[in-house]
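# Structural features, examined
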Amino acid sequence: MQEETSEIQEIIKEDIWGSIKEFLNLGFHLGEGEKSIHFTVGLLLLLTIAFIVTKFLLKWLRYLFTRKMEQEDKQKFSSVFKFINYVIYLVVVLVTLSAAGIDITLMITASAALFVGLGLALQELFQDILGGIFIIVDKSLQVGDIVEVDNKVGKVFEIKLRTTRAITRDDKVIIIPNHKFISDIVYNYTQNHRTTRERVNVGVAYGSDVVLVTQLLEQVAAEQKNVLKNPKPFVLFDDFGDSALLFSLHFFTNDSFGDPKIKSEIRYNINAKFKENNVSIPFPQRDVHLIQYQKPQEK
């Protein structure tokens, strides 16, 4: 029984496994020793299996990374994953060539120099893409948000992997590189909620009835459209100016993008209310003292 078992093992080892090894070693064999190069069926089979495994592994990682994202956000990552695929496939090819006996040192050195050059040339592009990934993943910016970048206010209508697009109050499109959202100070008016607090400043002449001024300003806010009743608008007596008593009307609105128009209407109404109630808005005033120069008397 033991002899039969050993015979079967010998047949498997020499005949079957030997035939498989012979088949896998079929191909081109150039040179001898350390400098020999072998392109065989086994090598091509290994390369094919490596590509298939890599493909499924990348698909699984992509699913794991984007499974909680909306479909629109998933599509934005297609170019990033394609780039990653190309890099990984290149690594697989280089490893396979190395296994075949080809010296890939020169290729790796040239590739490293190429990637360093590309990295320096495309540094800002990579920063934009990285910023886009952060924006999409952590939801720090969403469509409909009102942002202020470089003293320009815009409403976001499209977020891409490299740039964010917003429409300004002048109905012009502003294209914002995504790296600004991670390197610069950006004001997001609607990050936490849609309600923002705004203010209108006004000055009245010295001697005016400050209680009346406060009441008039509160009336203007109460009658104004797009000004919320709750939280309630309020008035502050800010300071004693050079030529006026300085007040500010603070109000809350859900339309911070249309804020300049709301403030303009409030100023129209303040001017009308002040005229009706004989409250004057003074011009800037300065006291000028003239000193006459007298010549000294000759002795």
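All of the points below concern the structure found in this document. Being a predicted model, the structure only gives us computed values, none of them experimental. (Residues numbered from 1 in each chain as written. Predicted model: local features only at pLDDT ≥ 70, side-chain atom pairs only at ≥ 80, totals over all residues. Heavy atoms only, no water.)

## Focus on helix 6 (residues 123-138)
- Over its 16 residues, helix 6 runs 22 Å from end to end, which matches the ideal 22 Å to within 8%, given 1.5 Å per residue.
- One or two residues past the end of helix 6 sits Lys 139, with phi positive at roughly 55°. (Helix = DSSP H or I, 4+ residues; strand = E, 2+ residues; numbered from the N terminus. Expected span 1.5 Å × (residues − 1).)

## Some points on the sheet that holds strand 9 (residues 234-240)
- Pairing is antiparallel in the open sheet, where 3 strands are placed in the order 8-10-9. Single-partner strands in this sheet number two, and they are strand 8 (196-204) and strand 9. Adjacent strand axes in the sheet meet at a mean angle of 25°, parallel and antiparallel pairs treated alike.
- Bridging between strand 9 and strand 10 (residues 245-253) involves 6 bridges; their strand directions are antiparallel. (Pairing = 2+ DSSP bridges. Axes fitted to C-alpha atoms, helices over the stretch in contact; angles between N-to-C directions.)

## Some points on helix 8 (residues 210-223)
- For helix 8, with 14 residues, the first-to-last C-alpha span of 20 Å sits near the 20 Å given by 1.5 Å per residue.
- Among the residues of helix 8, those classed as buried are Val 213, Leu 216, Leu 217, Val 220 and Ala 221. Buried residues of helix 8 fall within an arc of 135° about the axis and therefore sit on the same side. For helix 8, exposure combined with an orientation more than 90 degrees from the buried face picks out Val 211 and Glu 223.
- Lining the buried residues of helix 8 we find strand 8, strand 9, strand 10 and helix 9 (259-276). (Buried < 20%, exposed > 50% of the residue type's maximum accessible area, 1.4 Å probe, protein only. Arc of directions from axis to C-beta. Contact = heavy atoms within 4.5 Å.)

## Notes on the sheet that holds strand 6 (residues 173-177)
- With antiparallel pairing, 5 strands are arranged side by side in an open sheet as 6-5-4-3-7. Every other strand in the sheet has two partners, leaving strand 6 and strand 7 (187-188) as the edge strands with one partner each.
- Note: strand 5 (residues 163-168) against strand 6, 5 bridges, orientation antiparallel. Following the sheet pairing, Arg 165 is matched in strand 6 by Ile 175.

## Some details on the packing of aromatic side chains
- Throughout the structure, instances matching the rule amount to 2 aromatic pairs.
- Each ring, one from Phe 237 and one from Phe 240, has its centre 5.3 Å from the other, and the planes form 55°; the classification is tilted.
- With a relative accessible area of 38%, Phe 237 lands in the partly exposed category.
- Ring centres 4.6 Å apart and planes at 15° place the aromatic pair Phe 237 and Phe 247 in the stacked group. Taken together, the residues Phe 237 in strand 9 and Phe 247 in strand 10 connect sequence positions 10 residues apart. (Phe/Tyr/Trp six-rings, centres within 6.5 Å; stacked < 30°, edge-to-face > 60°.)

## Considering a nonpolar patch on the surface
- Taken together, Leu 57, Trp 60, Leu 61, Tyr 63 and Leu 64 make up a surface patch of nonpolar side chains, about 530 Å² in accessible area.
- Mapping Trp 60 onto the fold places it in helix 2 (residues 41-66).
- The class for Trp 60 is partly exposed, based on a relative accessible area of 48%. (Patch = residues over 30% accessible without salt bridge, like charges linked within 9 Å, V, L, I, M, F, W, Y side chains within 5 Å. Areas by Shrake-Rupley, 256 points an atom, 1.4 Å probe, with all protein chains shown as cover. Salt bridge = Lys/Arg side-chain N within 4 Å of Asp/Glu carboxyl O.)

## Focus: unusual backbone geometry
- The omega torsion of the bond from Asn 230 to Pro 231 falls at 0°, within 30 degrees of zero and hence cis.
- Within the element layout of this structure, Pro 231 appears in the loop between helix 8 and strand 9.
- Backbone geometry at Asp 150 places phi at a positive 55°, although glycine is not the residue there.
- Inspection of the secondary structure puts Asp 150 in the loop between strand 3 (146-149) and strand 4 (152-159).
- Take Asp 150: its relative accessible area is 52%, and that puts it in the exposed class.

## Quick word on the pattern of salt bridges
- Taken as a whole, this structure holds 8 salt bridges when the rule is applied.
- Between Lys 180 and Asp 150 there is a salt bridge, with the nearest N and O atoms lying 3.4 Å from each other. In this pair, Lys 180 sits in helix 7 (residues 180-183) while Asp 150 sits in the loop between strand 3 and strand 4, placing the two residues 30 residues apart along the sequence.
- Judged by its relative accessible area of 18%, Lys 180 is buried.
- Here Lys 263 and Asp 259 are joined by a salt bridge, their closest N and O atoms 3.4 Å apart. A residue pair is termed a helical-turn pair when its members lie 3 or 4 positions apart in one helix, as Lys 263 and Asp 259 do in helix 9 at 4 residues. You'll find Lys 263 and Asp 259 in the same group, each marked buried.

## Comments concerning the nonpolar core
- Of all hydrophobic cores here, the largest spans 19 residues; its most connected members are Val 204, Val 213, Leu 217, Phe 247, Ile 266, Ile 270 and Phe 274.
- When contributions to this core are tallied by element, the ones reaching two or more residues are strand 8, helix 8, strand 10 and helix 9.
- No other element matches the 5 residues that helix 8 contributes to this core.
- Aside from chain neighbours lying at most four places away, what touches Ile 266 is Val 200, Val 220, Gln 224, Val 227, Leu 249 and Phe 251.
- Counting residues in each nonpolar core, the second largest holds 10 residues, with Leu 141, Val 149, Val 156 and Ile 176 among its members. (Core = buried A, V, L, I, M, F, W, Y, C linked by side-chain atoms within 4.5 Å.)

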